[in-house]
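Chain and residue survey
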Amino acid sequence: MISIKFPDGRVQQYEAGTSPIEIARSISDGLARNVLSAEVNGQEWDPGRPIHSDAEIKLFTWKDEEGKKAFWHSSAHLLAEALEELYTGIKFGIGPPIENGFYYDVDPGDRTISINDLEKIEQKMRELAKSKSEFTRREVPKKEALDYYREKGDEYKVELLQELEDGQITFYSQGNFTDLCKGPHIPDTGIIKAIKLTNVAGAYWRGDENRKMMTRIYGVSFPKKKELDEYLVMLEEAKKRDHRKLGAELGLFMFSDRVGPGLPIWLPKGTAVRSRLQNFLRDEQLKHGYQEVMTPHIGKKELYVTSGHYDKYGKDSFQPIHTPKEGEEFLLKPMNCPHHCEIYGNTPKSYRDLPLRISEFGTVYRYEQSGELHGLSRVRGFTQDDAHIFCTQDQLKEEFLKVLDLTKLVLAKMGFEQFTAQISLRDPEDKSKYLGSDENWDAAEKAIIDAAEEAGLETKTELGEAAFYGPKLDFMIRDAIGRSWQLGTIQVDYNLPERFQLEYTGADNKPHRPIMIHRAPFGSMERFISILIEHTGGQFPLWLAPEQYILLPINDRALPWCEEVKRKLAERDIRGVIDERTESIGRKIRDAELNKMPLMLIVGDNEVAEQKVSVRRKGEGDLGSMDLQSFSSFFEGLLMQE
RNA sequence: GCCGAUGUAGCUCAGCUGGUAGAGCAGCUGAUUUGUAAUCAGCUGGUCGGGGGUUCGAGUCCCUCCAUCGGCUCCA
């Protein structure tokens, strides 16, 4: 007999060799049906795998991340099984579960698999699932495993195997398919009731762009058909919030083939939103001791040679602009920092001048790879809410903390509560990618880690994600379909001050080198607004809305009063427009609702007579009539709530 | 940049195996002056992404370029 300890601390005796699923059955049949994965003494475990000694056990179902992971991982194997039946000799890379589903990377040889083939593959998967093949685990000696894949001719698996140690290699089989895999897997394929292959895409083998491109097939699966349907509906809903769609519909921004890809054009309404965001941040920054500057959109090539950007990105960027003068070259500015370094260096600095905080809504141009462009989120010309703080080593942590506060304030104002903070450090394996001395990097990395900890910020750390001149802390936020984007960023930089030979005179009357903090709470106006659109579904908070109200006259007799209302509200900084069309009131309301107009002011003969407006709020309906005084108060109240 | 897909009127989309482009909405014109999510009628509008080819004939087939979409790589 063995003792099994449950998460609640309860201990129960079972026969040696009992499996998690049998243990589950001893609790209830329902649980046994739903167990997808288990953990035994902290080790991932198949539900059907016998336990031979005392153990602590956890059982996972669809409700647990671990359960979903096993389910999707097993679905990937099912996909592979189907592919092997349909495409003889197909070779397999890796097939892991991901956040919402799974994929398998395959090499179909000289055949191509396109989305038109997915239906057929899905069919085969369903058919195989119905046979309820059990997933069986087998430990295999490395040599045997290598022989198996060499004979099969699957060089990808051979490569993976070569990196594994003998004694820890396991095969999982279901039906006629066997895969190198460390598990765990669900009991059998029959549990996979609903399958949707969503996409096929290219993916470099092992993420290396110099290696072969595999075909990656994405899919998602569920234990119940209903859950798949709900998921698909959710995806449809998310698509409606896509900023590219809403941006066009609401007339916020546009792109033009003639202007060029990745170069957003801001229309009046989008510009209104953007200006309000900028003014909001500008005011906050003034309160926080920033000084605003403006710098040109181009700079001599030498400027970026000095900064190091030319070396790092020169070839992959917009190429230099030439002038009639022989040998003269200018670059579109990819960064504002070199200009700001010049501003620092313009006059001699004393320690009394620090910290010096220089801000700019600076537009920069970067030649992003064509396949990377994405609406407003990834563009070739964009405006950073940039600032550079020059300070002493002693001031660094405090300044960093102040920036953290400002960034959090900005995100809170926008209602973004769900962000993650990522600390990006150097890749310890390959320091050649970075500029600057080890000591400076260590100091900078320590400053960020300490400050984040002191601020009580929950962070995850990524090695190798640092900028080439310094480590950074980024705020990441998700878009409508779950992709994560970097918004705000804070970066510590010892390198540029050195390259630009920046100095200040210390209290000791000797020259010292300042440290630079690069920071942008929004990140870029473009990307920030793209996320804002997706989070609000285009329904901006009242203070940001391009138009806060629309006056809807019921007939022409109401027009003069509408004009007067508009004038009087403008005096109170409430902005709006009049729908002067000779349409029915129903039509005007419908159009205003579709345009996501926050407030509709309906004016007919009654309102004119009483010098009032009938107020309707989007999504809420009729709120009754008000005179302008009470409307203003009502409006102020709405603003206060935001 | 790489893999796959898509590109028909301002928008959403139809157009079967090649036979000379169609709907709804939008727009324009006219009528209607309307009370909380679509008033009615008429009309305009497309070198079918660009270029090249096959063919008696191409929106439909082939090549190529461009743009967009989903990934990969990249992201100062």
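Residues numbered from 1 in each chain as written. Chains lettered and ligands numbered in written order. Predicted model: local features only at pLDDT ≥ 70, side-chain atom pairs only at ≥ 80, totals over all residues. Heavy atoms only, no water.

With that settled, consider the pairing of strand β20 (residues 356–365). Across the ten residues of β20, nine count as buried, placing the element largely inside the fold. Both strand β16 (residues 291–292) and β20 contribute to a ladder of two bridges, which runs parallel. Bridge assignment links Gln 291 to a residue of β20, and that residue is Ile 358. Note: β20 against strand β21 (residues 381–391), ten bridges, orientation antiparallel. Bridged to Arg 357 within β21 is Ile 389. (Buried < 20%, exposed > 50% of the residue type's maximum accessible area, 1.4 Å probe, protein only. Helix = DSSP H or I, 4+ residues; strand = E, 2+ residues; numbered from the N terminus. Pairing = 2+ DSSP bridges.)

For the rest of this paragraph, the subject is the nonpolar core. Ranked by size, the top nonpolar core spans 54 residues in total, and within it Leu 277, Met 414, Phe 416, Leu 473, Phe 522 and Phe 528 carry the most contacts. Core analysis: the next-biggest nonpolar cluster, separate from the first, contains 37 residues, Leu 78, Ile 90, Phe 92 and Ile 191 among them. (Core = buried A, V, L, I, M, F, W, Y, C linked by side-chain atoms within 4.5 Å.)

Our focus in this paragraph is the pattern of salt bridges. Tallied over the full model, the rule gives 53 salt bridges. Where Arg 206 meets Glu 163, a salt bridge forms, and the shortest distance between an N and an O atom there is 2.7 Å. With a gap of 43 residues between them, Arg 206 in the loop between β12 (194–204) and β13 (213–222) and Glu 163 in the loop between α6 (155–162) and β10 (170–174) connect regions that are remote in the sequence. In this structure Arg 206 comes out as partly exposed when scored by relative accessible area, which is 40%. Taken together, the shared-partner salt bridges connect Glu 159, Glu 163, Arg 206 and Arg 211 into one network. (Salt bridge = Lys/Arg side-chain N within 4 Å of Asp/Glu carboxyl O.)

Let us look at the domain arrangement of chain A. Domain boundaries assigned for chain A yield domain 1 (2–61), domain 2 (66–240), domain 3 (266–536) and domain 4 (549–641). In this structure, domain 1 and domain 3 have C-alpha centres spaced 51 Å apart. (Domains from an automatic or database assignment.)

Time to look at the sheet that holds β20. As summarised here, the arrangement of the eight strands in space is β16-β20-β21-β28-β25-β24-β22-β23, forming an open sheet in which the pairing is mixed. The sheet is open, and its two edges are formed by β16 and β23 (459–463), each paired on a single side. Bridge analysis of β21 against strand β28 (residues 515–520) gives five bridges, and the strand direction is antiparallel. If you follow Phe 390 over to β28, its bridge partner there is Met 516. Lying over the sheet, helix α13 (residues 393–413) contacts β20, β21, β24 (472–478), β25 (484–493) and β28, oriented at roughly 5 degrees with respect to β28. (Contact = heavy atoms within 4.5 Å. Axes fitted to C-alpha atoms, helices over the stretch in contact; angles between N-to-C directions.)

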